[in-house]
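Below, each chain spelled out in residue letters.
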Amino acid sequence: MVDIIDGALFQRMVIHGSASINAQKQAINDLNVFPVPDGDTGTNMSLTIGTAAAEAKKKPAQSIGKAASTNASALLRGARGNSGVILSLLFRGVSKGLKEKDEADGVTFAAALNEGVSAAYKAVMKPAEGTILTVSRLAAARAAEAAAERNSVETALEAAIAEGYTALADTVNQNPVLKKAGVVDAGGKGFLIILQGMLDELRGLPLPEETDDSLPVKEAADFSSLTDEEITFTFDTVFIVRKTPGQSIDPFRRYLNGIGDSLVIGEDDEAFKVHVHTDIPGAALSEAQKYGTLELAKIENMRTQYEDMAAGKTPQSTDDLERVEAELEAQEEGPGNWTVAAPEKKYGVVAVCAGEGMASVFRDLGVDGVISGGQTMNPSTEDILRAIDRTPAEVVFVLPNNKNIIMAAQQCVGFVPDKQVVVIPTRTVPQGISAMLVLDPEADTETNAAAMEEARKNVRTSEITYAARDSDFDGFDIHEGDYMALAEGQLFGTDRAIGTLLERLALADSQQQAEFISIFYGEDVTAEQATETLALFQRLCPSAEITLLDGGQPVYYYMISAE
């Protein structure tokens, strides 16, 4: 029985936990209740703790406080998706509980687990029960009870895992979505697999064999950017501010929650320290100076760090700053610079879409800049800012065309000198096209914004994709490779025959009541197949004017707009 652990053993426990979830990540992915081909919990959690494991292998530490701190820092840099961010918060709290300690017994380790739970609950704006938060909270509480009875790390972990699985089984009753699907929470399951791996290391069990990171997908689909898209905000921003006496920082906390995520604020009587993921670190630092004197700041680009890791390189960090500065001074123009176009007209438009056909539609409608991106590749705020700067207009309308891109686009508002940026919150490409069609070069900005907003609200979008895995969701028995129809993002139906789903969509109210229907076919659909689909809709929707367009979009066989 292992009662006390030091830094080196803690690092080996993290490495073992990482290997464990990597070996079982597909089983975690299979718990995701909506089986569309996008990011997955198991993959995201595996990549998140994988960064910490890689760091542990590079930097051995004898002190458990130092080991836990290095681990937490790596997790924060490598966090992918909501589950990955919460996992990083849990271990950040553990780091706080183990700070400046050389080793930890069962009581200390259990207390650190509870610090982790507290950190996660505080940092998540709207904590929901029936999730990884519930599982970790009950597991940590039981660990403390067990350690009080027998002061041993192994005893505490064993009790935590047993209680955690009891809590996990109950998540299906706590979360309505899980109850419909009949599955337990994927994030909670992943957390317990990591804890089990850590316990296995204490017991001297061998590491599980690594699994192939590739997932079975359609031949023509490219999901190489699946993990990178989960970096919602680009910059890992940390800074310390010497406080203005008597001034509350609560308004600043709310401000940071509005411009980023993974927010953690530590505060004492004299200063406060902030960690936040955001696309506008400069704005965060400027706002911070309203609450005191900025003393120290560290900003790292998580996207470039991820790209380095994916390429097998050592991630670049602020530790490399002097070397990077020397390299930049040797260049005539540093990376990240781009031409800023002077205004030549009143209005310009930037749109996000995937597929050359979609891009051509937007260009034909007069869009100035098209950014490649969408469901499996969300562009960063920097990508959007670059396109705005290159647009020669006084007012630039931005059409994100995806719900996961809207927030990144909104960060550009007020950020571009000499240009007014207006984001129309389009959630689909068809909404963006309809918004573009009503833009009037002679109208004022407010009138155009209102018209574009009204136009996008009047569009109903249906899509056909495929199931990336087996699932039982909301009464649908879904099998890998099934065709899936979505209506306004909600599951409409599944079938082994795409023609059956197309017919059902054509007969749905949104199409039957429409005056105009546009059918965009994707890269995996032939022109002949698309023509047959057009004929089907013309026969079943005789009152509508129907247009067929080659969208060339990946992942989605058809996008259908109805107005």
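Reading guide: rules and limits
- Residues numbered from 1 in each chain as written.
- Predicted model: local features only at pLDDT ≥ 70, side-chain atom pairs only at ≥ 80, totals over all residues.
- Heavy atoms only, no water.
- Helix = DSSP H or I, 4+ residues; strand = E, 2+ residues; numbered from the N terminus.
- Buried < 20%, exposed > 50% of the residue type's maximum accessible area, 1.4 Å probe, protein only.
- Contact = heavy atoms within 4.5 Å.
- Areas by Shrake-Rupley, 256 points an atom, 1.4 Å probe, with all protein chains shown as cover.
- Core = buried A, V, L, I, M, F, W, Y, C linked by side-chain atoms within 4.5 Å.
- Pairing = 2+ DSSP bridges.
- Axes fitted to C-alpha atoms, helices over the stretch in contact; angles between N-to-C directions.
- Arc of directions from axis to C-beta.
- Patch = residues over 30% accessible without salt bridge, like charges linked within 9 Å, V, L, I, M, F, W, Y side chains within 5 Å.
- Salt bridge = Lys/Arg side-chain N within 4 Å of Asp/Glu carboxyl O.
- 1 Å grid on protein atoms, 1.4 Å probe; cavity = no way out; pocket = protein on both sides within 12 Å on 5 of 7 lines; lining within 4 Å.
- Points joined across faces, edges and corners; volume = space filled by probe spheres on them.
- Nonpolar A, V, L, I, M, F, W, Y, C, P; charged D, E, K, R; others polar.
- Parallel < 35°, antiparallel > 145°, perpendicular 65-115°, else oblique.
- Left-handed = near helix turned anticlockwise from the far one by under 90°.

Peer 1: So, the overall build of the chain: which residues are in play, and what are the values?
Peer 2: A count of helical and extended segments in the chain gives 22 helices and 18 strands. Residues counted as buried form 54% of the 563 residues belonging to the chain. Considering only residue pairs separated by 6 or more positions, the chain has 72% of its internal contacts joining residues 24 or more positions apart. In the form shown here, the chain has an accessible surface area of approximately 25,100 Å², with 48% of it arising from carbon and sulfur atoms.

Peer 1: Residue-level account of the nonpolar core, with values.
Peer 2: The biggest cluster of nonpolar side chains holds 57 residues, and the ones touching the most others in it are Ile5, Phe10 and Met198. For this core, the secondary structure elements donating two or more residues are helix H1 (7-29), helix H2 (41-58), helix H3 (64-78), helix H4 (81-97), helix H5 (106-123), helix H6 (132-149), helix H7 (153-174) and helix H9 (186-202). Broken down by element, this core gets its largest block of residues, nine residues, from H9. Every residue in contact with Met198, bar those within four places of it in the chain, is listed here: Phe10, Met13, Gly17, Phe91, Phe109 and Leu157.

Peer 1: Tell me about the sheet that holds strand S5 (residues 271-278), and name the residues and values.
Peer 2: Taken together, four strands build an open sheet; the order of strands is S4-S5-S3-S6 and the sheet is antiparallel. The open sheet terminates on both sides in strands that have one partner only, identified here as strand S4 (260-267) and strand S6 (292-301). Strand-to-strand twist across the sheet, computed as the mean angle between neighbouring axes with direction ignored, equals 15°. Across the sheet, helix H11 (residues 250-259) lies against strand S3 (235-243), S4 and S5, angled at about 155° from S4, the strand it touches most.

Peer 1: Report on unusual backbone geometry, specifying residues and quantitative values.
Peer 2: Even without being glycine, Asn401 reaches a positive phi, approximately 60°. With respect to the secondary-structure elements, Asn401 resides in the loop between strand S9 (393-399) and helix H17 (406-410). Residue class for Asn401 comes out buried when judged on its relative accessible area of 6%. Despite not being glycine, Val555 shows a phi value in the positive range, around 70°. Assignment of secondary structure puts Val555 in the loop between strand S17 (545-550) and strand S18 (558-562).

Peer 1: Pulling in residues and values, what's your account of the sheet that holds strand S15 (residues 490-495)?
Peer 2: Across the sheet, six strands lie side by side as S15-S14-S11-S18-S16-S17; this open sheet has mixed pairing. The open sheet terminates on both sides in strands that have one partner only, identified here as S15 and S17. Neighbour-to-neighbour, the strand axes of this sheet turn through a mean angle of 15°, independent of strand direction. Of the strand pairs in this sheet, strand S16 (residues 516-521) and S18 are connected by five bridges, and their pairing is antiparallel. Residue pairing across strands places Phe520 opposite Met559, the latter belonging to S18. In the packing of helix H20 (residues 498-507) onto the sheet, the strands contacted are strand S11 (460-466), strand S14 (483-487), S15 and S18, and the crossing angle to S15 comes to about 140°.

Peer 1: Could you give an account of H20, naming the residues involved and the relevant values?
Peer 2: What H20 keeps buried is the set Leu501, Leu502, Leu505 and Ala506. The buried side chains of H20 occupy one side of the element, clustering within an arc of 140° when seen end-on. Its buried side turned inward, H20 meets S11, S14, S15, helix H21 (509-512), helix H22 (527-540) and S18.

Peer 1: Pulling in residues and values, what's your account of helix H18 (residues 429-437)?
Peer 2: Of all nine residues in H18, eight are buried; the element is thus mostly enclosed. Of all the residues in H18, the buried ones are Val429, Pro430, Gln431, Gly432, Ile433, Ser434, Ala435 and Met436.

Peer 1: Tell me about a nonpolar patch on the surface, and please be specific about residues and values.
Peer 2: Taken together, Leu365, Leu437 and Val438 make up a surface patch of nonpolar side chains, about 230 Å² in accessible area. Take Leu437: it is sitting in helix H18.

Peer 1: Tell me about the side chain of Ser462, and please be specific about residues and values.
Peer 2: For Ser462, the location among the structural elements is in strand S11. Setting aside residues up to four positions removed in sequence, Ser462 forms contacts with Leu486, Ala487, Leu505, Gln511, Tyr558, Met559 and Ile560.

Peer 1: How would you summarise the environment of Leu296 if you had to cite specific residues and measurements?
Peer 2: Note that Leu296 resides in strand S6. Setting aside residues no more than four positions away along its own chain, Leu296 makes contact with Val238, Phe239 and Ile240.

Peer 1: An account of empty space enclosed by the protein is needed here, citing residue identities and associated values.
Peer 2: Under the defined criterion, the tally for this structure stands at two cavities of 30 Å³ or more. If you trace the largest cavity, you find it lined by Leu90, Phe91, Val94, Leu113, Val117, Ser136, Ala139, Ala140, Ala160, Phe191 and Leu195. Of all the secondary structure elements, the ones that give two or more residues to the lining of the largest cavity are H4, H5, H6 and H9. Broken down by class, the residue content of the lining of the largest cavity amounts to ten nonpolar, one polar and no charged. Quantified by volume, the second largest cavity comes out at close to 50 Å³. Phe10, Gln11, Val14, Ala52, Glu55, Ala56, Ala67, Thr70 and Asn71 are the residues that line the second largest cavity. Of all elements in the fold, only H1, H2 and H3 reach the threshold of two or more residues within the lining of the second largest cavity. The class makeup of the residues in the lining of the second largest cavity is five nonpolar, three polar and one charged.

Peer 1: Which residues make up the packing of H1 against H9, and what values do they have?
Peer 2: For the pair H1 and H9, the least separation of the axes is 7 Å and the interaxial angle reads 135°. In terms of their interaxial angle, H1 and H9 are classed as oblique. Handedness of the H1/H9 crossing: right-handed. Between H1, through Leu9, Phe10, Arg12, Met13, His16, Gly17, Ser20, Ile21, Gln24 and Ile28, and H9, the contact on the second element is made entirely by Ala186, Lys189, Gly190, Ile193, Ile194, Gly197, Met198, Asp200, Glu201 and Leu202. For the contact of H1 with H9, the per-class residue count stands at ten nonpolar, six polar and four charged.

On their own, these measurements won't tell you what the molecule is for.
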